[in-house]
Amino acid sequence: MNLVLGKETDFKKFNKTADYDKNKLPPSDGPLQVRGQMNLRNILDVSESKQLISLETSLTFMWKDTRITTKLDRLDKNKNYMILSPRTEKEFWMPDMFIDQAKAIRKPKYLIEPASIRLYSDSTIRYSRRMNYDVACSMTFRKFPFDNQTCKIIIHSFSHTTDEYQLSWNRADSYKNNRINLTQFTYDISYTDEYDMEEYDVVYPGLIATIKFDRIKNYHIIQTYIPSFLFVIVSYLTLFMPPMVLLPGAVSLSWSFSLSST
């Protein structure tokens, strides 16, 4: 097997076959297996008026490309992988995945891209990137404030079918930040990989991360229902007030209700 070497420092750490084509999928027995991992770092916003949620996550995907081999003497000390610069991503085949119904995607970049590539001794490639994004979430408020909302983050291939590669979650290494505190909701996240995009003439591989928001009921009971109930009661009591004090009492009542509601 003929091999070619790169000229830059990172490219000297591994070998590629002479016929390597980054536009072609890595060889495999059957569909290529691509494993995904989502680390939920923060829930930046839940916009009920816009029906959007804003998330900060680290997305990681792993697959094997036997056309690329490591130089064993270049592996990181006491590890079975090497860390490459994010710029090498242009040299490798990468899964063509995107986030469905994403309104905006932002990279929290300071000086360099918040991304990393690992190349393992068994030719496994691990690509990870930190990103912020806004995703559409259809919400219903019929049971407000005793409602819950379910938002789905759908990730799927744009052009490759399930016959070419398949996606699955690495649930063991996916995690959420337990220090996330939302004003009006508690939340939980689950992962589903039994999902494929079947809306077209071919089937595209996909993944779903489902975030379920349960509204904190005490917040609205204290802030909305109790003040409203007290206002109705006090308004009813004004029916028994003498006419001479009714007008000043009504003005005082309006001011008291306005102050208690803010």
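Quick caveat: nothing in here was measured; it's all calculated off a predicted structure. (Residues numbered from 1 in each chain as written. Predicted model: local features only at pLDDT ≥ 70, side-chain atom pairs only at ≥ 80, totals over all residues. Heavy atoms only, no water.)

## Describing the nonpolar core
- Of all hydrophobic cores here, the largest spans 47 residues; its most connected members are M38, I43, I53, I153, I155 and F213.
- Broken down by element, this core gets its largest block of residues, six residues, from strand β3 (residues 32-47).
- Beyond its immediate sequence surroundings of up to four residues, F213 is in contact with I43, V46, I53, N148, Q149, C151, L182, F185, T186 and Y187. (Core = buried A, V, L, I, M, F, W, Y, C linked by side-chain atoms within 4.5 Å. Buried < 20%, exposed > 50% of the residue type's maximum accessible area, 1.4 Å probe, protein only. Helix = DSSP H or I, 4+ residues; strand = E, 2+ residues; numbered from the N terminus. Contact = heavy atoms within 4.5 Å.)

## Considering the environment of M131
- The residue M131 is located in strand β10 (residues 124-136) in this model.
- Classification of M131 as buried rests on a relative accessible area of 12%.
- As a C-alpha pair, M131 and A115 span 16 residues in sequence and 9.2 Å in three-dimensional space.

## Regarding the pattern of salt bridges
- Going through the model one piece at a time under the given rule, you end up with 10 salt bridges.
- A salt bridge links E91 to K16, with the nearest nitrogen and oxygen atoms 3.4 Å apart. Placement of E91 in the loop between β6 (81-84) and β7 (97-99) and of K16 in strand β2 (residues 14-17) is noted, with a sequence separation of 75 residues between them.
- Taking relative accessible area as the criterion, K16 reaches 15% and is therefore assigned buried. (Salt bridge = Lys/Arg side-chain N within 4 Å of Asp/Glu carboxyl O.)

## Focus on the packing of aromatic side chains
- Per the counting criterion, the structure on display carries seven aromatic pairs.
- Arranged with centres 5.9 Å apart and planes meeting at 80 degrees, the rings of W93 and Y165 form a pair that is edge-to-face. Here W93, found in the loop between β6 and β7, pairs with Y165, found in strand β12 (residues 165-169); they are 72 residues apart in sequence, far enough to count as distant. One exposure class covers both W93 and Y165, and it is buried.
- Ring pairing ties together the aromatic residues W63, W93 and Y165, which thus form one cluster.
- In this structure, R118 packs its charged tip against the face of Y81, placed 4.4 Å from the ring centre.
- The ring of Y187 carries the charged tip of K176 above its face, separated from the ring centre by 5.0 Å. (Phe/Tyr/Trp six-rings, centres within 6.5 Å; stacked < 30°, edge-to-face > 60°. Lys NZ or Arg CZ within 6 Å of the ring centre and 35° of its normal.)

## Considering the state of the cysteines
- Counted according to the given criterion, the structure contains one disulfide.
- Across the disulfide from C137 sits C151; the S-S distance is 2.0 Å. Torsion about the S-S bond of the C137 and C151 cystine: about -80 degrees, corresponding to left-handed handedness. Of the two residues, C137 is situated in the loop between β10 and β11 (148-157) and C151 in strand β11; the sequence distance between them amounts to 14 residues. Each member of the pair, C137 as well as C151, is classed as buried. (Disulfide = S-S within 2.5 Å.)

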